[in-house]
Amino acid sequence: TMNAFTSSTTTSATATLAAFAANLKTADIPDHVLRKTEDLWVDWFGSAIAGHGSRPVETLTKFALSMGPASGPSEVLTNRSTTSPYWAAMANAAASHVAEQDDVHNGSVFHPATVVFSPVLAVAQALGASGAQLITAAVAGYEVGIRVGEFLGRSHYRVFHTTGTAGTLAAAAAVGHLLGLNATQMQHAFGSAGTQSAGLWEFLRTAADSKQLHTAHAAGAGLMAAYLAKDNFTGAAQILEGPQGMAAGMSSDADVRKLTEGLGTRWATAETSFKYHASCRHTHPAADALLKVMQDHQLKIADLARVVTHVHQGAIDVLGPVTNPSTVHQSKFSMGTVLALVARFEHAGLSEFDQYFKDDVTQALRDKVEMVLDEEVDSAYPQRWIGKVTVHTTDGRVFKGRVDEPKGDPGNTLSRDEITAKALRLAAHSGGASPAEMAAAVAQLWQVMHWPRVQRVLPTRA
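These remarks concern the structure in this document. (Residues numbered from 1 in each chain as written. Predicted model: local features only at pLDDT ≥ 70, side-chain atom pairs only at ≥ 80, totals over all residues. Heavy atoms only, no water.)

## Points about the environment of Glu 75
Here Glu 75 is to be found in strand 1 (residues 74–75). Residue Glu 75 is classed as buried on the basis of its relative accessible area, which comes to 2%. Taking the C-alpha atoms as reference, Glu 75 lies 6.1 Å from Ala 88; in sequence the two are 13 residues apart. (Helix = DSSP H or I, 4+ residues; strand = E, 2+ residues; numbered from the N terminus. Buried < 20%, exposed > 50% of the residue type's maximum accessible area, 1.4 Å probe, protein only.)

Written as structure tokens, this is what we have:
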């Protein structure tokens, strides 16, 4: 009898996407996409170090190190220990999603770096892969994860945290590429990844720690799916679009064309945005629009009587439940808190949240901010995240502000100097690496394409 590895499957969208992920070569990827992936890699590393000292991250890391081997080929970035690739991938994925500074792809509302670079670094260290192989595998992960997120659509994101769900497929694609899976094995890896896809938004209501579990699980489950497929473990052939697959269970507006459209010509990786403010991306367009109004009209925080943000439904779904944030992390999902900090400091960074999220000035302005659904903004979303605000001043003036591309978006991106400065700022904030260690690591990371083998990034602690 024929087994699943020898039987020919009709070319489904899942099969086409899997073949792309398996067969991608460094030479297929345009230079500007490789450069962008290096930018995303350095940016991810900053977010991973920013997770140092975070309680949920410490808990997940402690669990990983108690379950995994006490030493191994793969580095746990927050505490300099080593373990197996599986546990290192989980620990680093938990760490790199907690500061709300990791990258985001607008159209899929998906944070790729945390679930792609975490497993890719861990596996590349274990295999002694080259830096070019690491970057190429990451592109495979980004391209797959972003397309799965777009395919699952807006209905999915209302209930599911796409980074946990699509992220599992992204991790499988990236690790599968490093392991040299063929197209058929990659399709099986997708099947095993998709059946483990998970992550629900309910945690936001109670400021629970689940967001870190979502990324850790996605990285680990995707890695497992790829390693199993390498050993000819089979998975569903059409996990994405099949009658009992992901779309059937998790979406009401899935569009199968989104899985394969422009494969190899449209590089979704290059569309990824960097985060400038240390908060949920849904707050950034309004924050930048408010900043513009205040700068254009020389307003101070004391001048603000009321701020109306004109937003898309996704912002209301995710930010709406957060009315009186009780923790720093929860406050990053409070539109009013973010705008209050931006109005005071021109930037809502980690230190601003830590020191001022709950003080009287912040709370006073927080309660003067409201969100209103806006037809134009909502129909442009998620391809474009337009920022629109109406600002009412204490002396009765009304100003309208608008930003078409928030800072960090591809058309308004961060320079390499800004990415480096952000990474150094994140390390200084968390204490996860000394200024000298971080500067040396980042300088090395920019050279990743020239690494003959991926080795340790940070020195062991004396």
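## Topic: the pattern of salt bridges
Here the structure, examined in full by the defined rule, presents 28 salt bridges. A salt bridge links Arg 257 to Asp 255; the shortest N-O distance between them is 2.9 Å. Given a relative accessible area of 17%, Asp 255 falls into the buried group. Notably, a salt bridge pairs Glu 370 with Arg 306, separated by 3.0 Å at the nearest N-O pair. (Salt bridge = Lys/Arg side-chain N within 4 Å of Asp/Glu carboxyl O.)

## Some points on the side chain of His 97
Mapped onto the elements, His 97 comes out in the loop between helix 4 (85–95) and helix 5 (112–127). Taking the relative accessible area as the measure of exposure, His 97 reaches 0% and is therefore buried. Setting aside chain neighbours within four positions, we find His 97 in contact with Asp 102, His 111, Thr 114, His 161, Lys 211, Gln 212 and Thr 215. (Contact = heavy atoms within 4.5 Å.)

## Quick notes on the environment of Gly 72
Within the secondary structure, Gly 72 sits in the loop between helix 3 (55–67) and strand 1. Taking relative accessible area as the criterion, Gly 72 reaches 30% and is therefore assigned partly exposed. Considering only alpha carbons, one finds Gly 72 and Ala 427, 355 residues apart in sequence, at a separation of 24 Å. Dropping the residues within four chain positions of it, Gly 72 is found in contact with Thr 82 and Thr 83.

## Let's talk about the packing of helix 11 (residues 284–296) against helix 14 (residues 335–345)
Interaxial distance between helix 11 and helix 14 falls to 9 Å at its minimum, and their mutual angle equals 35 degrees. Here helix 11 and helix 14 pass one another in a crossing that is right-handed. The segment helix 11 lies against helix 14, with Ala 286, Ala 287, Leu 290, Leu 291 and Met 294 engaging Met 335, Val 338, Leu 339, Val 342 and Ala 343. Among the residues forming the contact of helix 11 with helix 14, the class breakdown is 10 nonpolar, no polar and no charged. (Axes fitted to C-alpha atoms, helices over the stretch in contact; angles between N-to-C directions. Left-handed = near helix turned anticlockwise from the far one by under 90°. Nonpolar A, V, L, I, M, F, W, Y, C, P; charged D, E, K, R; others polar.)

## Digging into the nonpolar core
Within the largest apolar cluster, 94 residues are counted, with the highest numbers of intra-cluster contacts made by Trp 41, Phe 45, Leu 134 and Phe 190. Broken down by element, the residue count for this core peaks at 13 residues, all from helix 6 (residues 131–159). In this structure, Leu 134 is in contact with Trp 41, Phe 117, Val 120, Leu 121, Ala 124, Leu 178, Val 448 and Val 454, ignoring residues within four places of it in sequence. The next biggest cluster of nonpolar side chains, apart from the first, holds 45 residues, and it includes Phe 203, Leu 291, Val 307 and Phe 353. (Core = buried A, V, L, I, M, F, W, Y, C linked by side-chain atoms within 4.5 Å.)

## Quick word on the packing of aromatic side chains
Applying the stated criterion to the full structure yields 12 aromatic pairs. Aromatic pair Tyr 86 and Trp 87: ring centres 5.0 Å apart, planes at 80 degrees, arrangement edge-to-face. We classify Trp 87 as buried; its relative accessible area is 15%. Ring-pair connections join several aromatic residues into one group, and the members of that group are Trp 41, Trp 44, Phe 117, Tyr 142 and Trp 451. Across from the ring centre of Phe 353, 5.4 Å away, lies the NZ or CZ of Lys 332, which sits over that ring. Lys 407 extends its terminal NZ or CZ atom over the ring of Tyr 276, reaching a point 5.3 Å from the ring centre. (Phe/Tyr/Trp six-rings, centres within 6.5 Å; stacked < 30°, edge-to-face > 60°. Lys NZ or Arg CZ within 6 Å of the ring centre and 35° of its normal.)

## Some remarks on the packing of helix 5 against helix 9 (residues 210–230)
The contact between helix 5 and helix 9 brings their axes to 9 Å, and the two run at 50 degrees. The angle between helix 5 and helix 9 falls in the class oblique. In this structure, the crossing between helix 5 and helix 9 has a hand that is right-handed. Residues Thr 114, Val 115, Pro 119 and Val 123 of helix 5 lie in contact with helix 9, whose contacting residues are Thr 215, Ala 218, Ala 219, Leu 223 and Tyr 227. Tallied by class, the residues present in the contact of helix 5 with helix 9 amount to seven nonpolar, two polar and no charged. (Parallel < 35°, antiparallel > 145°, perpendicular 65-115°, else oblique.)

## Things to note about unusual backbone geometry
Here the residue pair Tyr 381 and Pro 382 is connected by a cis peptide bond, since its omega of 5 degrees sits within 30 degrees of zero. Among the structural elements, Pro 382 can be located in the loop between helix 17 (375–380) and strand 5 (387–393). The phi torsion at Val 109 lies on the positive side, around 45 degrees, for a residue other than glycine. With respect to the element layout, Val 109 can be found in the loop between helix 4 and helix 5. Unusually for a residue other than glycine, Asn 232 sits at a positive phi of about 65 degrees. Its place among the elements puts Asn 232 in the loop between helix 9 and helix 10 (246–250). Taking the relative accessible area as the measure of exposure, Asn 232 reaches 45% and is therefore partly exposed.

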